[in-house]
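Summary of structural features
Single-letter residue listing:
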Amino acid sequence: MQTIIITGASSGIGRATALYFYERGWNVIATMRQPEKSDLPKLDRLHCFKLDVNDQQTIDTTIQQTIEAFGTIDVLVNNAGFGTVGAFEYASEEQVLQQFQTNVFGLMRLTRSVLPHLRQRRQGIIINVSSVGGRITFPFYSLYHSTKWAIEGFSESLQYELAPFGIKVRLIEPGAIKTDFYHRSQMLLVRPDLKVYDDYQTKVLNNVAEVEKNAPPPQIVAQTIFQAANDKTDRLRYSVGDQVPLLLLLNRLLPHSWFRNIISNILEKDSLA
Ligand SMILES: NC(=O)c1ccc[n+]([C@@H]2O[C@H](COP(=O)([O-])OP(=O)(O)OC[C@H]3O[C@@H](n4cnc5c(N)ncnc54)[C@H](OP(=O)(O)O)[C@@H]3O)[C@@H](O)[C@H]2O)c1
């Protein structure tokens, strides 16, 4: 029986992934900052452990407890993350650092901590939840995008050096998915003393809200993560979500100015209301 550790499993994609793997017979370690608030059932093969990706102690304890409970770690899903949204000029130094701390350095911290175990066993899969926003960009997400583009480069390079040890690296690239990401996991940038971007920003965020309204549920990402965990090939990227393959194809084929017009037509249009 295989064992998976998932970060950020309190809600959304992480939670759906924990249940999806459990239902398919895996041992699941669903990690989160506040396990006492989790509504996941406590079961023989499904454990909720406290883990903050910015706290090395909780990472070490989780790895130790996972090995004690199930003997091995087969798959790590680096899913924890949040989105800083708004004009870059509104961001403080601290907000920039916070965005990278969790989305990039947290993911690296977990990866570095699990690697000795995977290397020793000469097998394992590291699945990093990136985003379609790790390949293309939208206005007012510059900080978030830069973390996801960092994850893409990190993962793409890492796959070479881990291949001789039988360890695979995967990237999951979801489009808009209906989760708490657009609500409690969103940090909106505001500067009361500087409002020059506000009108443009409001228009874009209203259009993002429209996209989110019709977004698919997190289970479709859980399904893709399951596919990535069971894939025997060396495939690196798995995109998932409405229009995502089409957008990526257009981005690859079209001159950037044309692609930019497509994004503008979606996110910069005036509301009909
Ligand atoms: N939803 C989308 O449209 C979408 C699209 C592309 C990519 N993604 C990516 O998917 C991943 C999951 O997001 P989601 O959509 O499922 O949103 P979500 O439901 O808000 O989940 C985000 C999770 O990250 C956790 N988290 C945040 N900071 C953490 C930290 N320091 N340590 C541990 N956990 C932390 C949150 O835990 P708490 O409960 O403790 O806050 C929460 O469980 C993120 O990496 C996001 O960038 C989402």
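Residues numbered from 1 in each chain as written. Predicted model: local features only at pLDDT ≥ 70, side-chain atom pairs only at ≥ 80, totals over all residues. Heavy atoms only, no water.

A few points about the sheet that holds strand 4 (residues 75-78)
With respect to topology, seven strands assemble into an open sheet ordered 3-2-1-4-6-7-9, the strand pairing being parallel. The outermost strands of the open sheet, each flanked by one partner alone, are strand 3 (46-50) and strand 9 (237-240). Strand-to-strand twist across the sheet, computed as the mean angle between neighbouring axes with direction ignored, equals 20°. By the bridge criterion, five bridges tie strand 2 (residues 27-32) to strand 3 in an arrangement that is parallel. Looking at strand 3, one finds that Thr31 is bridged to Phe49. Running over the sheet, helix 3 (residues 93-121) touches strand 4, strand 6 (124-129) and strand 7 (167-174) and is turned about 175° from strand 4. (Pairing = 2+ DSSP bridges. Helix = DSSP H or I, 4+ residues; strand = E, 2+ residues; numbered from the N terminus. Axes fitted to C-alpha atoms, helices over the stretch in contact; angles between N-to-C directions. Contact = heavy atoms within 4.5 Å.)

Some details on empty space enclosed by the protein
For the structure shown, the criterion picks out one cavity of 30 Å³ or more. In this structure, the largest cavity spans a volume of roughly 30 Å³. In this structure, the largest cavity is lined by Thr7, Val53, Asn78, Asn79, Ala80, Thr102 and Leu107. Split by residue class, the lining of the largest cavity holds three nonpolar, four polar and no charged. (1 Å grid on protein atoms, 1.4 Å probe; cavity = no way out; pocket = protein on both sides within 12 Å on 5 of 7 lines; lining within 4 Å. Points joined across faces, edges and corners; volume = space filled by probe spheres on them. Nonpolar A, V, L, I, M, F, W, Y, C, P; charged D, E, K, R; others polar.)

A word on the pairing of strand 2
Along any regular strand, the residues point their side chains to alternate faces of the sheet. Counting buried positions along strand 2 yields six of six residues, so the element is predominantly enclosed. Burial along strand 2 is two-sided: Asn27, Ile29 and Thr31 facing one way and Val28, Ala30 and Met32 facing the other are all buried. As judged from the four bridges shared by strand 1 (residues 3-6) and strand 2, these two strands associate in the parallel manner. Paired with Ile4 across the two strands is Val28, which belongs to strand 2. Note on the crossover from strand 1 through helix 1 (residues 12-23) to strand 2: the handedness is right-handed. (Buried < 20%, exposed > 50% of the residue type's maximum accessible area, 1.4 Å probe, protein only. Right-handed = clockwise from strand over helix to strand, strands pointing away.)

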